[in-house]
Amino acid sequence: MGDTIEKVSIIISKGSLDGIYPGLIMANGARAEGIEANLFFTFFGLDAIHRKRMEHIKVATVGNPGMHMATLLGALPGMSGIATHMMAKKMHELEIPDIPEFVEFIGDTGAGMYACKASVDMFDMTEDDFVEQVQGIITVGEFYDIAAGGEIIFT
Amino acid sequence: MPTATYAGTDVTVNDEGFFEDPTQWTEAMAPELAAGEGIDTLTDRHWEVIRFMRSEYDAKGTGPTVRILGKTSGVPVKELYQLFPKGPAKQAAKVAGIPKPRGCI
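These remarks concern the structure in this document. Predicted model only: the values in this text are computed from it and were never measured. (Residues numbered from 1 in each chain as written. Chains lettered and ligands numbered in written order. Predicted model: local features only at pLDDT ≥ 70, side-chain atom pairs only at ≥ 80, totals over all residues. Heavy atoms only, no water.)

## Concerning helix α5 (residues 88–95) of chain B
All names here are of chain B. Convention followed: Three exposure classes are used, based on accessible area relative to the maximum for each residue type with a 1.4 Å probe and protein chains only: buried under 20%, partly exposed in between, and exposed over 50%. Numbering goes from the N terminus for both helices and strands, where a helix is a DSSP run of H or I of at least four residues and a strand is a run of E of at least two.
Burial runs high along α5: seven of the eight residues are buried. Taken residue by residue, α5 has Pro88, Ala89, Gln91, Ala92, Ala93, Lys94 and Val95 as its buried positions. Of the residues trailing α5, Gly97 is marked for its positive phi of about 70°.

## A closer look at the environment of Phe44 of chain A
All names here are of chain A. The condition that has to hold: Contacts are assigned to residue pairs with any non-hydrogen atoms lying within 4.5 Å of each other.
Summarising the element assignment, Phe44 is placed in the loop between β2 (36–41) and α2 (71–74). Phe44 gets classed as partly exposed once you look at its relative accessible area, which sits at 48%. A C-alpha to C-alpha distance of 24 Å links Phe44 and Ala148, two positions 104 residues apart in sequence. Among all residues touching Phe44, those that are not within four sequence positions of it are Ser13, Lys14, Gly15 and Phe123.

## Considerations on the side chain of Thr109 of chain A
Take Thr109 of chain A: it is sitting in the loop between α4 (99–108) and β3 (112–116). Since its relative accessible area comes to 1%, Thr109 of chain A is described here as buried. With near-sequence residues (within four places) excluded, Thr109 of chain A lies in contact with Arg31 of chain A together with Val77 and Tyr81 of chain B.

## Describing unusual backbone geometry
One non-glycine residue with positive phi stands out, namely Glu95 of chain A, at about 65°. Note that Glu95 of chain A resides in the loop between α3 (79–93) and α4. In this structure, Ala7 of chain B takes a positive phi of about 50° despite not being glycine. Relative to the elements of secondary structure, Ala7 of chain B occurs in the loop between β1 (3–6) and β2 (9–12).

## Considerations on the interface of chain B and chain A
Defined as follows: We define buried area as the total accessible area lost by two parts upon association, computed with a 1.4 Å probe and summed across both. For this analysis, a salt bridge means a side-chain nitrogen from Lys or Arg found within 4 Å of a carboxyl oxygen belonging to Asp or Glu. In the analysis that follows, any N or O atom pair within 3.5 Å is treated as a polar contact, provided that within protein one partner can donate a hydrogen and the other can accept it, and provided that, for residues neighboring in sequence, both atoms belong to side chains.
Facing the 13 residues of chain B at the interface are 15 residues of chain A. When chain B packs against chain A, the two sides together hide about 1300 Å² of surface, and 54% of this comes from carbon and sulfur. The three residues of chain B that bury the most area against chain A are Arg67, Tyr81 and Ile105 of chain B, which together make up 46% of that side's buried surface. Inspection of the region where chain B meets chain A yields five salt bridges. Asp108 of chain A is paired through a salt bridge with Lys78 of chain B; the nearest N and O atoms lie 3.9 Å apart. For the interface between chain B and chain A, the tally reads six residue pairs in polar contact (both at pLDDT 80 or more). When contributions to the side of chain B that touches chain A are tallied by element, the ones reaching two or more residues are α3 (66–72) and α4 (77–83) of chain B.

## Digging into the packing of aromatic side chains
Residue and element names in this part refer to chain A. As a reminder, the rule being used: Working definition: rings of Phe, Tyr and Trp (its six-membered ring) pair if their centres are within 6.5 Å, and the pair is stacked with planes under 30 degrees apart, edge-to-face with planes over 60 apart, and tilted otherwise.
Overall, the coordinates contain seven aromatic pairs over all chains when judged by the stated rule. Taken together, a centroid distance of 5.4 Å and an interplanar angle of 40° make the contact between Phe44 and Phe123 tilted. Taken together, the residues Phe44 in the loop between β2 and α2 and Phe123 in the loop between α5 (117–122) and β4 (136–138) connect sequence positions 79 residues apart. Residue class for Phe123 comes out partly exposed when judged on its relative accessible area of 26%. Through successive ring pairs, a cluster of aromatic residues spans Phe40, Phe143 and Tyr144.

See the structure below:
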């Protein structure tokens, strides 16, 4: 074998649906392959592990060319909610879990989850704001210690 | 196509060691397959998962992903990883003589 990946650290820095899912899917996929995985949540990515906010993650309909929607249309009230609802329905059909369930599941697979201290301080959050799967609020230096010897993926 | 010998019988496997033809598999082959995955002893709980993999494959033509295993096999996800540390769906599929499950989630 030789050329195999043994360990990954995935940084989730965005708070939109499309900013969070790819990192969660990659962490989950890593664990499915028996690869050690750690997730590091920073900036708006913290919403993915925030008890109150994780259930309300939305897809961006403004400033997101991938939506193929006129910017002004995307800015209409409720548009983000509608787009999120449609996407959630499709994901449900495909058996993709919603974010709270996915985070719990990934925790159960043995992946590590950490919040970025600088971001936590900036947003005036505390450990109590996060779900129990989060193992700690850590500095960048501590993250590099945890990530040592593996690949780092920034999303 | 590579062949391998388990329980004294030649079987066809792919490059990753998964069975090409699940009908060639017998329960007697499981301990050797497990040893190849670093699992020294197959407990009753291992067997529960292995038999579940077989029945899912027979019913659906594909093995379940870890999430489906956790939801439907009766073995919780945390325990699945204790039984099959290098990926429950993947390792259990190999020991159960079925192709590697291909779901992303």
